[in-house]
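# An overview of the molecular structure
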Amino acid sequence: MIPLSDQEFDYLLSHFTTKKLRKHQFLVQEGDFVMNDYFVVKGLLKAYHTDQEGKDHILQFAMEDWWITDYQAYFSQSPASLTIDCVEEVELLCLSLQNRDKICAELHKIENFFRRKSNSGYIALQRRILSLLNSNAKERYEQLLQQYPGLFQRVPKTLIASYLGVSRETLSRLV
């Protein structure tokens, strides 16, 4: 947590816009240009890639106080390779790359915050990749349950299965 004065917080918040979406609405679709990084105020989203056979592979869920976007598209200002849609109704704070760069240049503690956020994201991604490489389906399920127990009440089992890289039937045998 980065301590901010009320004035700094108000200044920071002035660089965000707000967005509300309904359940099943798309935030980002593959091929879109991604203009924002999104902070989840309320609700739940999923980021996924659809393969050539039409199968969805969920990379990330994002719930309250989490960030989500297609970071490759956001930082390189290129078309999205992911789709992000709403599992629940959501309220978001949206930060453009231009505003992010501006506030980072002006408030070094915010630059430090985003550096820490990126580092945490890299660590989580590395753990996820290693889990997919080294753990069986049951171990991945147990890790997810331990890390995010509240997710299981909010997400259908088909989405949990997709995130774990298993079929719905396999997940049913694990539960």
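The residue numbering used here restarts from 1 in each chain and proceeds along that chain's sequence as written. Totals for whole chains, interfaces and linings use every residue, but because this is a predicted model, local features are given only for residues with pLDDT of at least 70 and side-chain atom pairs only at 80 or more, for both listing and counting. Water and hydrogen atoms play no part in the side-chain values, which are based on all heavy atoms of the structure.

A few words on the pattern of salt bridges. Each salt bridge in this description consists of a side-chain nitrogen of Lys or Arg and a carboxyl oxygen of Asp or Glu lying within 4 Å of one another. Applying the stated rule across the entire model yields nine salt bridges. Notably, a salt bridge pairs Asp37 with Arg100, separated by 3.2 Å at the nearest N-O pair. Taken as a pair, Asp37 in strand S3 (residues 36-42) and Arg100 in helix H3 (residues 97-106) lie far apart in primary sequence, 63 residues in all. Arg100 shares its class with Asp37; the two are buried. Across the salt bridge formed by Asp85 and Lys46, the nearest N and O atoms sit 2.7 Å from each other. One end of the pair, Asp85, is in strand S7 (residues 83-86); the other, Lys46, is in strand S4 (residues 45-50), and 39 residues separate them in sequence. Each residue is placed in one exposure class: buried if its accessible area under a 1.4 Å probe, protein chains only, is under 20% of its type's maximum, exposed if it is over 50%, and partly exposed if it falls in between. Relative accessible area serves as the criterion here: at 7%, Asp85 is assigned to the buried category. A network of salt bridges, in which partner residues are shared, links Asp37, Arg100 and Lys117. Only DSSP runs of H or I covering at least 4 residues are called helices, and only runs of E covering at least 2 are called strands; the numbering of each starts at the N terminus.

Next up on the list: the sheet that holds S3. Strands are labelled as partners when DSSP assigns at least two bridges between them. The strand order across the open sheet formed by four strands is S1-S8-S3-S6, and the pairing between neighbours is antiparallel. Looking at strand neighbours, the two that pair on one side only are strand S1 (16-21) and strand S6 (67-68), the edges of this open sheet. Note: S1 against strand S8 (residues 90-96), six bridges, orientation antiparallel. Within the sheet, the bridge partner assigned to Lys19 lies in S8 and is Leu92. The strands touched by H3 are S3 and S8; relative to S8, the strand with the most contacts, the crossing angle is about 65 degrees. Working rule for contacts: check all heavy atoms of both residues, and any pair within 4.5 Å makes them a contact. Note on method: axes are straight lines fitted to C-alpha atoms, helices fitted across the in-contact stretch only, with angles between N-to-C directions ranging 0 to 180 degrees.

Further remarks concern the side chain of Lys117. By secondary structure assignment, the location of Lys117 is in helix H4 (residues 108-134). If we skip the residues at most four places from it in the chain, Lys117 touches Asp37, Trp67, Tyr71 and Arg100.

Turning to a nonpolar patch on the surface, a few remarks are in order. Excluding any residue in a salt bridge, patches collect residues exceeding 30% relative accessible area, merging like charges within 9 Å and nonpolar Val, Leu, Ile, Met, Phe, Trp and Tyr side chains within 5 Å. Method for areas: the Shrake-Rupley scheme with a 1.4 Å probe, in which residue coverage is limited to the protein chains shown. On the surface, a cluster of nonpolar side chains totalling about 390 Å² of accessible area is made up of Leu125, Ile129, Leu130 and Leu133. Assignment of secondary structure puts Leu125 in helix H4.

Okay, unusual backbone geometry next. The phi angle of most residues is negative, glycine excepted, and most peptide bonds adopt the trans form. Of note, the phi angle at His24 is positive, near 75 degrees, even though the residue is not glycine. Mapped onto the elements of the fold, His24 is located in the loop between S1 and strand S2 (26-28). Look at Gln77: it is not a glycine, yet its phi comes out positive at around 50 degrees. Among the secondary structure elements, Gln77 is positioned in the loop between helix H2 (71-76) and S7.

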